[in-house]
Amino acid sequence: MVSYECKVKSIEPLRYIGMYRAISDCDGVEITLEMNEKLMKISEGDNLVINISTNKEECLQHYFCGKGHVVSITKLDNIYRVVVSVAGILAVLKMKQRPRSPFKVMNELYIGVSKK
């Protein structure tokens, strides 16, 4: 399990009605979440807890819980980028350290998100 405490830096609307992208700073890791406002409304300045785990029960403790898969891990300019697809909605983590467990391509993960 990996848990992050995050501050939402910005919100970007997406082309699909009700969809937006929340970009958060999480203790040196940037996490970008695509979200539908009917699933969870996140605003600029919100404090979030983002939990990434292989355990469904941990995920269910959060306001939003989604099951997904790691689709890619890449490195560009000394920054690692991990992309997780949750039923087509993307979560992208950017970090300086090499991603460790549970981040491995095709691993099944649960992403839980709650406001703090």
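The following paragraphs examine the structure supplied in this document. (Residues numbered from 1 in each chain as written. Predicted model: local features only at pLDDT ≥ 70, side-chain atom pairs only at ≥ 80, totals over all residues. Heavy atoms only, no water.)

With five of seven residues buried, strand 7 (residues 89-95) lies mostly within the body of the structure. Bridge count for strand 3 (residues 29-36) against strand 7 is four bridges, and the pairing is antiparallel. Within the sheet, the bridge partner assigned to Thr-32 lies in strand 7 and is Val-92. With seven bridges joining them, strand 6 (residues 79-86) and strand 7 adopt antiparallel strand pairing. Bridged to Val-86 within strand 7 is Ile-89. What sits between the antiparallel neighbours strand 6 and strand 7 is a turn of two residues, in which Ala-87 has the positive phi angle 55°. (Buried < 20%, exposed > 50% of the residue type's maximum accessible area, 1.4 Å probe, protein only. Helix = DSSP H or I, 4+ residues; strand = E, 2+ residues; numbered from the N terminus. Pairing = 2+ DSSP bridges.)

On to the pattern of salt bridges, then. Working definition: two side chains of opposite charge can pair if their charged atoms are close together. Counting across every chain of the model gives seven salt bridges. Through salt bridges with shared partners, a single network forms among Lys-9, Glu-30 and Lys-94. (Salt bridge = Lys/Arg side-chain N within 4 Å of Asp/Glu carboxyl O.)

With 29 residues, the main nonpolar core has Tyr-4, Ile-31, Ile-50 and Leu-93 as its most contacted residues. Those elements giving two or more residues to this core turn out to be strand 1 (2-13), strand 2 (19-26), strand 3, strand 4 (47-53), strand 5 (64-76), strand 6, strand 7 and strand 8 (108-115). Once residues within four sequence positions are removed from consideration, Tyr-4 is found in contact with Cys-26, Val-29, Ile-31, Leu-48, Val-49, Ile-50, Ile-52, Leu-93, Met-95 and Phe-103. (Core = buried A, V, L, I, M, F, W, Y, C linked by side-chain atoms within 4.5 Å. Contact = heavy atoms within 4.5 Å.)

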